[in-house]
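One letter stands for each residue in the lines below.
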Amino acid sequence: MANQETMKRSIKMLFLVVFVGWIFIWIMLPTNTSRLKWLPELRKETDSTYYGIEGASFLIYTFPVLFMAALGCLYLHIAKKSNDSNMESCNIPKLDVAIFKRPILVKGPLGIVSGTELGFLLMFIALLIWSFATYLHIGFATITPKLAAKDGETIWQEKLDIAALRMALIGNICLTFLFFPVARGSSVLPFFKLTSESTIKYHIWLGHIVMTLFTAHGICYIIFWAVTNQISQVVKWDKVGVSNVAGELSLIFGLFMWIATIPRIRRKFFELFFYTHYLYTLFIVFFIFHVGITYACLMLPSFYLFMVDRYLRFLQSRNQVRLVSARVLPCEAVELNFSKAHGLTYNPTSIMFINIPSISKLQWHPFTVTSNSNLENENMSVVIKSDGTWTQKLYKLLSTHSEIDRLGVSVEGPYGPASTNFLRHDTLVLISGGSGITPFISIIRELLFLKTAVKCKTPKVVLICSFRTYSSLSMINLILPISSTPYDISNLELQIEAYITKDKEPQSNSHIDLQIKWFKPNPSDVPIYAILGPNSWLWLGAIISLSFIIFLIIIGIIGRYYIFPIDHNSNKIFSFPLKSFLHMLIICGSIAMVASAVVLLNKKNNAKEAKKIRNLEMSTPTMSPSSKIYNVDRELESLPCQSLIQATNVHYGVRPDLKRMLFEVKGSNVKVFASGPKKMRQEVAAICSSGLAENLHFESISFSW
C-alpha cells in the first residue's frame, strides 16, 4: 500500500510538471520570444533529414500530451489496485474535496457550473484574450504606410488581413482541447477525476467558440480578398503553402455540424444532429490540408487520443452480445440483462452505449448501467424508458406477447468514473425525476454489496424520487437485481420517499409488477467483456505509446528516403497536401495495427478463460438451463420484498419540498446527487449552493450524451 501511494504521488507530480510546462508553451506561443528565439533554435536542433521542421512540432506540441496520457494510464492502473485494496478493508479516507465542486452558476446558457469549473473557464478565456491581444499587438506594430503601399493595400486592409489570420490561430487553441471530452475511454480525464459524460459540456462550449472564430476568420478573408481584388484566392489550392479551398471545405462541414446543434433542431430532429456530427472526419481532414501537418501538430494530440478511443469502440461494437432476459415494466420501460465476463468491472453511474440493428443499424443510444459488477458477477443490466422513437420501438417489441428467441444487440462501454468512494460521506441524498432514478439503482446496489459482503459501515441513503403516474412506482422494484439469491435490503439504512405528481391515489386498474422475458442462448453471441482485458489501463498506455513510436519510425523513413530527396536533391518542394496525407495515413495505420493486435491478444485470453469456466460448469452437476430459468422465476416470485416496501413512503398528488427535506438531513458530510429534468437539477443545485447548509455537497447526473 505504501509503495502504491508513493508511486501514485510520483506519477502525479511528473504529470503535473509536464502539464504546467505544456500550458506554459501555449502562454508563450504568441510572443516574439517564442516565435523569434526559442522556436528557430529548437528547429535548428531538431531539423533533420528524417522529420524536417515537423520534428520540433512533434516534440513540443504532440509528445507532452501523449506522454501525459501514458502516465495517466499507469496512474489509473495503480489507483485501481489501491482502490480495490481499500474497498476490501473499508479503508476510505473521509477527506472530501466536494467544496470545490459547489455550484456557482445554476441557471443560464452554461448550465450548472461549479466554482472550479468557472475558475478554469475564466483562465481559459484569459488565455484566448492574451493570445489574441499579443498577436494583434505584434502584427499591427509591423504595419507602416510604406509597407501597405508596397503591397498595394491600405492600412486598414493590412490590419484586416492580420486580424483574420489571428482569429484562426486563437480558434486552433480551442480546437486543441476540443476532443479531450469526447474520448470516452481517455486516461487524461479520469486523472482529474472527470468523466467524458460530465465534461461533454466543455466540448459544447469549445465547439461554439471554435466555430465562431473560424467563421469570423473565413468571412474576414472573403471581405479582404473582395476589397483588394483578389477574389480568385477563393479557389486557390497550391501544392505549397496554405490551401484556401481546403479551409473553405473544412468550414462548410463545420457549419453543417454547428447548425445541427441548435437546441430546437437537435430536439426535433435528433437523427439529423446525430448523423451530421459524423462530418467531423471531413472537417479535420480538410483542416489539416488547409494548415499543413506542421501547424496541425498543435491540435493533433487530443485528436490522436480520440482516434485511439474511437477505433477501440469500433472493434468492441463488432460483436453481438448475449442478451439473457428483459424485465418489462408497466410504466413503458424495460430492463435489459446481459451476460458479462467475470473480469469486467465498472463503477456505479457508468454508462453503456447500445445498438439494436433490428431497430436501427446506425443509431447508438447511451443508458445508465443499473447493475453492480461486485453484486452481479455474471450479469449486467440497463434500464430503458420509452421516451423517443427508438425506445418506443424497443418497448413495443419486448412488451408484446409473441415469443422472441433472440434480440441482436451490440454495445460500447461501459464508461464511468474511475472511483466513487461513497463511504466517505455520512449521508447520501439521491434526488431523481422520472427515469433519472436509474443511476441511483447502481449506487444502492453498490452500498448493498459493501454492507453485506464486505461488512463496511455504509452511509444513510435517502432516495427522493418523483414520478408522474402510479405505474412508475415499478421503477423502485428494480433496486433488487434478478438473482436467485435473496438480498435483504433492510441491511441498509434506506429511506425512500416516492412522489406521484399526477395521480391522487393508487390506480386500481394499474399494476406495478414486473414481467420477465427470457431469451435463448445463441452460439454467435458473446458476453460483454472489457475490450482491453482486466489490465485495460496498462494496455491503453501501451497502444498510445507503441502506435506513436511506430508512426515516428515510419514517417522518419519516408522523410529520409522519399521527402528529403525531393526537397534537397531537386528544385522542387514536396507537396504540402501529400505530406499531410501521408502523415494522416500513417497515424491511422499505426493506431489500427497496434490496437488490433492488443485486442486480438486479449480476445484470445478471454476465450481461454471462458472455456475454463464452461468446463468447470459442465463438470459440476447442475440443473438444466430450462429448469434453472424456471426455478429463478419461482424464486423471484417468492423473494421477500417486504423490507423494500416498508422503506418506501408514497405521496400522491404533490411534489417534493426539496428545500425543506434537504435542510432537515443530518450529518456533517452529505452528498446530494440530482438526476433527471434540467429544472429539477437546477433547483437542487440552487439549494445546495445557497450557503444555508454547508454540509450539502452537490453533484449533477445530467445524461448530457
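Where an unreviewed UniProt entry is consulted, the protein appears under the name ferric-chelate reductase (NADH), with the organism given as Lupinus albus. Among the UniProt annotations of the protein, the heading Cofactor (unreviewed entry) holds the following wording: "FAD". What UniProt records for the protein under Catalytic activity (unreviewed entry) is the sentence "2 a Fe(II)-siderophore + NAD(+) + H(+) = 2 a Fe(III)-siderophore + NADH".

This next bit is on the packing of aromatic side chains. Overall, the coordinates contain 37 aromatic pairs when judged by the stated rule. Within the aromatic cluster, the residues linked to one another by ring pairs are F15, F19, W22, W26, Y61, Y75, F124, F177, F180, F191 and F192. The ring of F353 carries the charged tip of R184 above its face, separated from the ring centre by 3.7 Å. R560 extends its terminal NZ or CZ atom over the ring of Y561, reaching a point 5.2 Å from the ring centre.

The next subject is the sheet that holds strand β9 (residues 427-433). If you walk across this open sheet you meet the six strands as β13-β11-β10-β9-β14-β15, and the pairing is parallel. In the strand order of this sheet, the two ends are held by β13 (648-652) and β15 (696-701), each with one partner. Put simply, the sheet's adjacent strands are angled 15° from each other on average, direction ignored. Examined bridge by bridge, β9 and strand β10 (residues 460-467) share seven bridges and lie parallel to one another. Paired with T427 across the bridge in β10 is K460.

Together, R264, R267, K268 and K678 give the surface a local cluster of positive charge. Broken down by element, the residue count for the positive patch peaks at three residues, all from helix α10 (residues 263-268). Structurally, K678 is set in helix α22 (residues 678-688).

Our focus in this paragraph is the pairing of strand β7 (residues 379-385). Of all the seven residues making up β7, five are buried; the element is thus mostly covered by neighbouring parts of the structure. As paired strands, strand β4 (residues 333-339) and β7 are joined by seven bridges and run antiparallel to one another. Paired with V334 across the strands is I384, a residue of β7.

Below, the discussion takes up the nonpolar core. Among the nonpolar cores identified, the biggest contains 85 residues, and L175 and F179 are the most heavily contacted of them. Considering each element in turn, this core owes the most residues, 13 residues, to helix α3 (residues 54-89). Structurally, this core is a two-domain feature, drawing no fewer than three residues from each of domain 1 (1-87) and domain 2 (108-315). What L175 contacts, discounting residues up to four positions off in sequence, is V210, F214, F283, I284, F287, M299 and S302. F449, V461, I476 and A498 belong to the second largest nonpolar core, which has 39 residues in total.

The subject of this paragraph is helix α9 (residues 244-260). Taking 1.5 Å of rise per residue, the 17 residues of α9 would be expected to cover 24 Å, and the 25 Å separating its terminal C-alpha atoms lies within 8% of that figure. For α9, the full list of buried residues reads N244, A246, G247, S250, L251, F253, G254, M257 and A260. Where the residues of α9 are buried, they touch α8 (200-227), α10, α11 (270-276) and α12 (280-291).

It is worth spelling out empty space enclosed by the protein at this point. Evaluation of the coordinates by the stated rule reveals four cavities of 30 Å³ or more. Residues that form the lining of the largest cavity fall into these classes: six nonpolar, two polar and no charged.

Let's shift gears to the pattern of salt bridges. This model, assessed by the stated rule, comprises 15 salt bridges. The partner of D657 in a salt bridge is R660, with the nearest N and O atoms 3.7 Å apart. A relative accessible area of 39% means that R660 is categorised as partly exposed. Within the structure, one salt-bridge network assembled from shared partners comprises R184, D309, R313 and E412.

What follows concerns unusual backbone geometry. Leaving glycine aside, a negative phi is the common case for residues, and trans is the common case for peptide bonds. The linkage connecting G413 with the following residue, P414, adopts the cis geometry, with an omega of 10°. Within the secondary structure layout, P414 lies in strand β8 (residues 410-415). In this model, N229 sits at a positive phi of 60°, which is unusual for a non-glycine residue. For T349, which is not a glycine, the phi torsion comes out positive at approximately 70°. As for its position among the elements, T349 is in the loop between β4 and β5 (351-355).

What counts and how
All chains use their own residue numbering, which begins from 1 and follows the written sequence. Where totals are concerned, whole chains, interfaces and linings use all residues; where local detail is concerned, this predicted model gives features only for residues with pLDDT of at least 70, and gives and counts side-chain atom pairs only at 80 or more. Each side-chain value is worked out from all heavy atoms of the structure, with water and hydrogens disregarded. UniProt positions are given in the numbering used here, feature names are shortened, and annotations may be inferred rather than shown by experiment. Whether two aromatic rings pair depends on their centres lying within 6.5 Å, for rings of Phe, Tyr and Trp, where Trp uses its six-membered ring; planes under 30 degrees apart make the pair stacked, over 60 edge-to-face, and the rest tilted. In this scheme, Lys NZ or Arg CZ marks a charge over a ring once it lies within 6 Å of the ring centre and within 35 degrees of the ring normal. Should DSSP find at least two bridges between two strands, the strands are regarded as paired. Each helix is a run of DSSP H or I of at least 4 residues and each strand a run of E of at least 2, with the numbering of both proceeding from the N terminus. Between the N-to-C directions of two axes lies an angle of 0 to 180 degrees, each axis being a line fitted to C-alpha atoms and, for a helix, fitted only over the stretch in contact. Residues with no salt bridge and a relative accessible area higher than 30% make up the patches, which join like charges within 9 Å and nonpolar side chains (Val, Leu, Ile, Met, Phe, Trp, Tyr) within 5 Å. Reported accessibility uses the Shrake-Rupley method at a 1.4 Å probe radius. Residues are deemed covered only where the shown protein chains occlude them. Only one rule defines a salt bridge in this text: a Lys or Arg side-chain nitrogen within 4 Å of an Asp or Glu carboxyl oxygen. Charge counting follows a simple rule: Lys and Arg are positive, Asp and Glu are negative, and His as well as the terminal groups are ignored. Where a charge lies is defined by one atom per residue type, namely NZ (Lys), CZ (Arg), CG (Asp) and CD (Glu). Per-residue accessibility, obtained with a 1.4 Å probe over protein chains only, is compared with the maximum for each type, and a residue is labelled buried under 20%, exposed over 50%, and partly exposed between these values. The criterion is simple. A nonpolar core is a set of buried Ala, Val, Leu, Ile, Met, Phe, Trp, Tyr and Cys residues joined through side-chain atoms within 4.5 Å. Domain ranges listed in this record stem from an automatic or a database domain assignment. Whether two residues are in contact is decided by their heavy atoms, any of which lying within 4.5 Å being enough. Helix span, as expected, comes to 1.5 Å for every residue beyond the first. In this analysis a 1.4 Å probe is tested at points of a 1 Å grid over the protein atoms alone, and where it fits but cannot get out there is a cavity; an open set with protein on both sides within 12 Å along at least five of seven lines is a pocket; lining residues have an atom within 4 Å of a point. Grid points are joined across faces, edges and corners, and a volume is the space filled by probe spheres set on the points. Under the grouping applied here, Gly and all other residues not named as nonpolar or charged are polar, the nonpolar ones being Ala, Val, Leu, Ile, Met, Phe, Trp, Tyr, Cys and Pro and the charged ones Asp, Glu, Lys and Arg.

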